[in-house]
Amino acid sequence: MTQVSTPPSGSPVSAQPGGRRGTYGPVEGQGPTGPIERVMSTVIRKLSWSRLSDPKVAMTVSGAGLLLGMLLGATAPNAETLPVKLPLSHFLPPLTHHVVIASAMLYVGDVLACLGLAGMLWAHSQGWRPDPRHLLLASAAIVAVMVSLTPVGSSDTASYAAYGHIAAQGGNPYTTNPQAWAHDAYSQAVGTQWKRQSSVYGPFATVIQSFAASIGGGHVATTVWVLMVLNGIVFIGVGVLLLKTSDDPVRATLFWTANPVLILELVSGGHLDTFVAAAAICAIQVARRVSGLWGDVLVGVLIGFACGIKIYAVLIGIGLAWPLLRRHEWMRTARIAVVSLVTLALGYSLYGLDALKPLFSGLKLATLPSPWRLFELAGQAVGVNETVLATIISCLWPIALFVVAWFIYQRISSDQPREVVAPFALTFAWILVAPWVFAWYTAVAWAALTQVPRNRMTRWLAIVTVFLALCLSSGGQAGQ
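All values reported here derive from a predicted model rather than from experimental measurement.

K.L.:
When you look at the overall build of the protein chain in this model, what are you seeing that I'm missing?
P.N.:
For the protein chain, the count of helices and strands is 21 helices and two strands. Within the protein chain, the fraction of its 480 residues that count as buried is 57%. Here the analysis covers contacts within the protein chain between residues at least 6 apart in sequence; of these, 74% occur between residues at least 24 apart. Of the roughly 19,600 Å² of accessible surface on the protein chain, a fraction of 69% belongs to carbon and sulfur atoms.

In structure tokens form, the structure reads like this:
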């Protein structure tokens, strides 16, 4: 695990399709083309040749960020965790009355994780080639500890547990809510804002939640623990898949399994987006490697399953369909679409059309730092009706999504596989323009980007992920 460096002045020059030439140095991607890119590249170039790009320093900084996240979970309950204790959260005193300390640990941990990730990526671009299997094993050990600590940064896992509890008892989480169902430990653990909210997750998410609740029974902490363990297993499983199937397994491992930012957001937070990303990257890899009828069927099932967890996974299907349509492969596109719809319909058949109602109501929400929230506030200030504003936003943001996705798509070299680039462009654009988005929603974009060689989008995805984490993380006290 030695570091091999080349001077900045000796950056190799690579030819690109269409006669374009770009300079590549210790930063990701083609040379800057605009004023913002030039400033960003200058700052990154300075940092990328600092001590932070030393692998030992980068891993130490990453470890410090992860350690803060684990200590936060170990000192639950506090302002940034659920009000429950998982097995490894019983050994340290809680930080219940130390809001400032808990918040500082969360935000400093996020920043250190980002810096550590940047340092490892810079070290990799300068020649550092660690054994990805060692990185996988180290991450697996961290994940094994983290899944037994109280979830940090969001109360979503408590909502998952409550919806699963309702389903396991024979109720329908799409027509009732945690508070209406029962005033028990489950409803008390749910974030304040979500106690009266019916499930906005897909039917396959409810199956997972119900399975966990059937094991946990009346003990909400046990149900949350089962959900955390399942999430951790899937996270490491994706890492193994990427290790086995990626053209650059080191890069893929750094982007996913050894990515301290994702570990904090996905594993420590226990979010379902890990399952969505798993199905998405499986669909992408199958589409790239398996042809014929059964390959298309498998891709369709995976997309349908992902949409049955969180509906935004439809962007993966659109992204995979785009290169097929450009090649006029109408039959393949139709097969994948039909199988996806049938898979999703089978899931929704378990709960009926009522399962769709909370989903559409959730699409009308807008929150900072989304620019649509500023648009909404400006409209309210001049007296525009809230319903009218919600309708306008609902019509405009999908258009903005495809426009931004097109620009992202165009900025990635045309010699890269479109089956990867198109899903990445759509999911990253969605993160940038959707009215309602959180740091853990970036999971699918990170999974897709593992399959794309060095490019400028890496820096932006990392910055956006951490920015969202700093803006929109809480243990549920604010109803996240």
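K.L.:
What's the story with the packing of helix 14 (residues 314-326) against helix 19 (residues 418-433) in this structure? I'm lost.
P.N.:
One way to put it is that helix 14 packs onto helix 19 with a least axis distance of 8 Å and a crossing angle of 140 degrees. Comparing their axes, helix 19 and helix 14 come out oblique. Crossing geometry of helix 14 relative to helix 19 is assigned as right-handed. Taken together, the residues of helix 19 that come into contact with helix 14 (itself represented by L315, I316, I318, G319, L320, W322 and P323) are R418, E419, A422, P423, L426, T427 and W430. The class makeup of the residues in the contact of helix 14 with helix 19 is ten nonpolar, two polar and two charged.

K.L.:
Just to check I follow, could you spell out the nonpolar core for this structure?
P.N.:
Within soluble globular proteins, side chains that are nonpolar generally end up buried alongside one another. If you look at the biggest cluster of nonpolar residues, it comprises 129 residues, and the most contacted ones within it are F235, W256, F424 and W430. When neighbours within four sequence positions are excluded, F424 is seen to be in contact with I408, I412, A445, A448, L449, M457 and L461. Membership of the second largest hydrophobic core comes to six residues, among which are L72, A102, M105 and V152.

K.L.:
For this particular structure, what's the right way to read the side chain of S370?
P.N.:
Secondary-structure assignment places S370 in the loop between helix 16 (357-362) and helix 17 (371-381). Within the structure, S370 has its side chain in polar contact with the backbone oxygen of A434 (distance 3.3 Å). Setting aside anything within four residues of it in sequence, one finds S370 in contact with A434 and P435.

K.L.:
Sorry, what's going on with helix 17 here?
P.N.:
All of the buried residues along helix 17 are W372, E376 and G379. Within helix 17, the buried residues cover an arc of 65 degrees as seen down the axis, which keeps them to one side. Within helix 17, the exposed residues directed more than 90 degrees away from the buried face are L374 and A381. In this structure, the buried side of helix 17 is in contact with helix 18 (386-410) and helix 19.

K.L.:
What am I meant to see in a nonpolar patch on the surface here?
P.N.:
Residues F375, V382, V384, V388, I392, L396, I399, V403 and F407 make up a contiguous nonpolar surface patch of roughly 770 Å² in combined accessible area. By residue number, the principal contributor to the nonpolar patch is helix 18, which donates six residues. By the secondary structure assignment, L396 is in helix 18.

Definitions and limits used
Within any chain, residue numbers begin from 1 and follow the written order of that chain's sequence. Confidence filtering applies because this is a predicted model: local features only for residues at pLDDT of at least 70, side-chain atom pairs given and counted only at 80 or more, and all residues used for totals across whole chains, interfaces and linings. In computing side-chain values, all of the structure's heavy atoms are included and hydrogens and water are not. Working definition: helices are DSSP H or I runs of at least four residues, strands are E runs of at least two. Numbering for both runs from the N terminus. Exposure is judged per residue with a 1.4 Å probe applied to protein chains only, and the accessible area is read against the type maximum: over 50% gives exposed, under 20% gives buried, and values in between give partly exposed. By the convention used here, residues are in contact when the closest approach between their heavy atoms is within 4.5 Å. Per-residue accessibility takes into account occlusion by the displayed protein chains alone, with areas from the Shrake-Rupley method and a 1.4 Å probe. In this analysis, axes come from line fits to C-alpha atoms, helices being fitted only over the stretch in contact, and the angle between any two N-to-C directions falls in the range 0 to 180 degrees. Angles below 35 degrees are treated as roughly parallel, those above 145 as roughly antiparallel, those between 65 and 115 as roughly perpendicular, and all remaining angles as oblique. Handedness of a crossing is defined here by the sense of rotation of the near helix relative to the far one, left-handed for an anticlockwise turn of less than a right angle and right-handed for a clockwise turn. Side-chain classes follow a simple rule in which Ala, Val, Leu, Ile, Met, Phe, Trp, Tyr, Cys and Pro form the nonpolar group, Asp, Glu, Lys and Arg form the charged group, and the remainder, Gly included, forms the polar group. Each nonpolar core is a collection of buried residues, namely Ala, Val, Leu, Ile, Met, Phe, Trp, Tyr and Cys, held together in the definition by side-chain atoms within 4.5 Å. The term polar contact refers here to a pair of N or O atoms within 3.5 Å; inside protein, the definition further demands a hydrogen-donor-capable atom paired with an acceptor-capable atom, and it admits residues adjacent in sequence only when both atoms are side-chain atoms. Comment: arc refers to directions from the helix axis out to C-beta atoms. By definition, no residue in a patch forms a salt bridge, and every one has over 30% relative accessible area; like charges are joined within 9 Å, nonpolar side chains (Val, Leu, Ile, Met, Phe, Trp, Tyr) within 5 Å. Any Lys or Arg side-chain nitrogen located within 4 Å of an Asp or Glu carboxyl oxygen qualifies as a salt bridge.

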